[in-house]
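# Working through the structure, step by step
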Amino acid sequence: MIKKCLFPVAGYGTRFLPATKAMPKEMMPIVNKPLVQYGVEEAARAGMNNIAFVTGRNKRAIEDHFDITYELEDQISGTSKEDYLISIRALIDQCTFSYTRQVSMKGLGDAILTGETLIGDSPFGVILADDLCESDDKGVMAQLLDVYEKYRCSVVAVEEVPMSEVHNYGVIAGDVGDDGLIFVNNMVEKPNKKDAPTNLAIIGRYVLTPDIFDILRNTAPGKGGEVQITDALLEQAKQGKVIACKFNGQRFDCGNVDGFVAATNYFYNKM
Ligand code: G1P
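Attention here is on the structure that accompanies the text.

Cut-offs used in this document
Residues numbered from 1 in each chain as written. Predicted model: local features only at pLDDT ≥ 70, side-chain atom pairs only at ≥ 80, totals over all residues. Heavy atoms only, no water. Helix = DSSP H or I, 4+ residues; strand = E, 2+ residues; numbered from the N terminus. Rg over C-alpha atoms; globule rule 2.2 N^0.38 Å. Buried < 20%, exposed > 50% of the residue type's maximum accessible area, 1.4 Å probe, protein only. Contact = heavy atoms within 4.5 Å. Lys, Arg positive; Asp, Glu negative; His and termini not counted. Charge placed at Lys NZ, Arg CZ, Asp CG, Glu CD. Axes fitted to C-alpha atoms, helices over the stretch in contact; angles between N-to-C directions. Parallel < 35°, antiparallel > 145°, perpendicular 65-115°, else oblique. Left-handed = near helix turned anticlockwise from the far one by under 90°. Nonpolar A, V, L, I, M, F, W, Y, C, P; charged D, E, K, R; others polar. Near = heavy atom within 4 Å. Polar contact = N/O pair within 3.5 Å; in protein donor to acceptor, adjacent residues only side chain to side chain. Areas by Shrake-Rupley, 256 points an atom, 1.4 Å probe, with all protein chains shown as cover. Phe/Tyr/Trp six-rings, centres within 6.5 Å; stacked < 30°, edge-to-face > 60°. Lys NZ or Arg CZ within 6 Å of the ring centre and 35° of its normal. Pairing = 2+ DSSP bridges. Salt bridge = Lys/Arg side-chain N within 4 Å of Asp/Glu carboxyl O.

### Let's talk about the overall build of the protein
Looking only at helices and strands, the protein has 10 helices and 13 strands in total. Taking 18 Å as the expected radius of gyration for a compact globule of 271 residues, we find that the protein reaches 18 Å, a close match to that expectation. Dimensions of the protein, computed from C-alpha atoms along their principal axes, come out at roughly 55 × 40 × 40 Å. Relative to its 271 residues, the protein shows a buried fraction of 52%. Once local pairs closer than 6 in sequence are excluded, the contacts in the protein between residues at least 24 apart make up 75%. Charged side chains in the protein number 28 positive and 37 negative. The centres of these two groups are separated by 4 Å.

Written out as structure tokens, the structure reads:
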């Protein structure tokens, strides 16, 4: 049973400036709940209650969110306003939270490697909070865990995107098995349309085996001069150790304004 889930949250969120000048992008609310809380709830629903953040400067609000706020809570104690805190209090009861800092922004691969000190030598989940995932029954991370339990290798969530958008994603190719899972044999980080092997884009949900840390240590900077998790996963894929899963549910790319607004409308209508 995988208990640990890593949240790389050190990124600047430049696409949302000026909103993210002093506030972490992961604290942007979809209706009345910050993005990062949706992610942690998804992890907790998958049984991952050991939450590890790779954080950075200007991100203290995330730590404060997953803690008690004495003065405020004392003030509203015994009033109906306490109901607003039910969801976050449940998470705080259920989970532990640990933090380490990524000192310089050297890419998602570097962020995940920075998290090694919190994860250790066991398989773990990774959630990128600005990909907000929603499904009627099992959450996306829980779906990836089912695949991990069966095959015991790294698992990535993928979805088909228009070819005009492949340059925003890690893109995979592989052989499709009977159960619809894809046994990955190629991965490219943010390819041009003409170099993309397929239109199957990785979204921000991974289950990784801990050998990924040694691979990351030896992974040279790739696209954009940053250490890419996609490049490290390609090394595992060459050994037949990466499966891609087309998940059930939908994903909102809350890292851009259109996706953020779509998620807001969706969750508002569900209230
Ligand atoms: C990262 C990964 C990319 C993946 C994407 C999913 O890119 O590098 O492979 O497809 O997350 O959201 P970013 O969006 O951080 O640029």
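### Points about unusual backbone geometry
Between leucine 17 and the following residue, proline 18, the backbone shows a cis peptide bond with an omega angle of 10°. Here proline 18 lies in the loop between strand S1 (4–8) and strand S2 (29–30). Positive phi outside glycine occurs at valine 31, with the angle close to 60°. Within the secondary structure layout, valine 31 lies in the loop between S2 and strand S3 (33–34). Residue class for valine 31 comes out partly exposed when judged on its relative accessible area of 28%. A positive phi is found at lysine 190, a non-glycine position, where the angle reads about 45°. Since its relative accessible area comes to 32%, lysine 190 is described here as partly exposed.

### Looking at helix H1 (residues 35–45)
Extensive coverage of H1 is indicated by the burial of 10 of its 11 residues. One or two steps after H1, the chain reaches glycine 47, where phi turns positive at roughly 85°.

### What to know about the packing of H1 against helix H4 (residues 86–94)
Across the interface, H1 lies against H4 with an axial gap of 11 Å and an inter-helix angle of 50°. In this view, H1 runs oblique relative to H4, as classed from their interaxial angle. Relative to H4, the crossing made by H1 is left-handed. Taking contact as the criterion, the partners of Gln37, Val40, Glu41 and Ala44 in H1 are, on H4, Ser87, Ile88, Leu91 and Gln94. Residues that form the contact of H1 with H4 fall into these classes: four nonpolar, three polar and one charged.

### Looking at the site of the ligand
Among the 13 residues in the neighbourhood of the ligand, the closest are listed as Asp131, Gly170, Glu189, Lys190 and Ile202. Within the side chain of aspartate 131, one N or O atom sits 2.7 Å away from an oxygen atom of the ligand. In this structure, threonine 230 approaches the ligand through a side-chain N or O atom, which is 3.3 Å from an oxygen atom. Burial of the ligand by the protein amounts to 77% of the accessible area it has alone, namely 380 Å². By residue number, the principal contributor to the shell around the ligand is strand S11 (residues 200–208), which donates four residues. Partitioning the shell around the ligand into residue classes produces six nonpolar, four polar and three charged.

### Some thoughts on the packing of aromatic side chains
Here the distance between the centres and the angle between the planes together describe a pair of aromatic rings. Under the counting rule described, the total for this entry stands at 12 aromatic pairs. Ring centres 5.1 Å apart and planes at 80° place the aromatic pair tyrosine 266 and phenylalanine 267 in the edge-to-face group. In this arrangement the basic side chain of lysine 33 is found over the ring face of tyrosine 38, its NZ or CZ atom lying 4.7 Å from the centre.

### With respect to the pairing of S1
Along S1, four of the five residues are buried, which leaves the element largely enclosed by surrounding structure. Relative to strand S4 (residues 50–55), S1 runs parallel, the two being bridged by five bridges. Along S4, the bridge assignment pairs phenylalanine 7 with phenylalanine 53.

### Brief notes about the pattern of salt bridges
Under the defined criterion, the tally for this structure stands at 18 salt bridges. Aspartate 214 is the partner of arginine 217 in a salt bridge, and the nearest nitrogen-oxygen pair spans 2.9 Å. Here arginine 217 pairs with aspartate 214, and both are found in helix H8 (residues 211–217), just three residues apart, close to one helical turn. For aspartate 214, a relative accessible area of 46% corresponds to the partly exposed category. Salt-bridge contacts for lysine 238 lead to glutamate 235; the nearest nitrogen and oxygen are separated by 3.2 Å. Pair noted here: lysine 238 and glutamate 235 are both in helix H9 (residues 229–238), with a separation of three residues, about one helical turn. Taken together, the salt bridges that share partners define one network made up of Glu73, Glu82 and Arg89.

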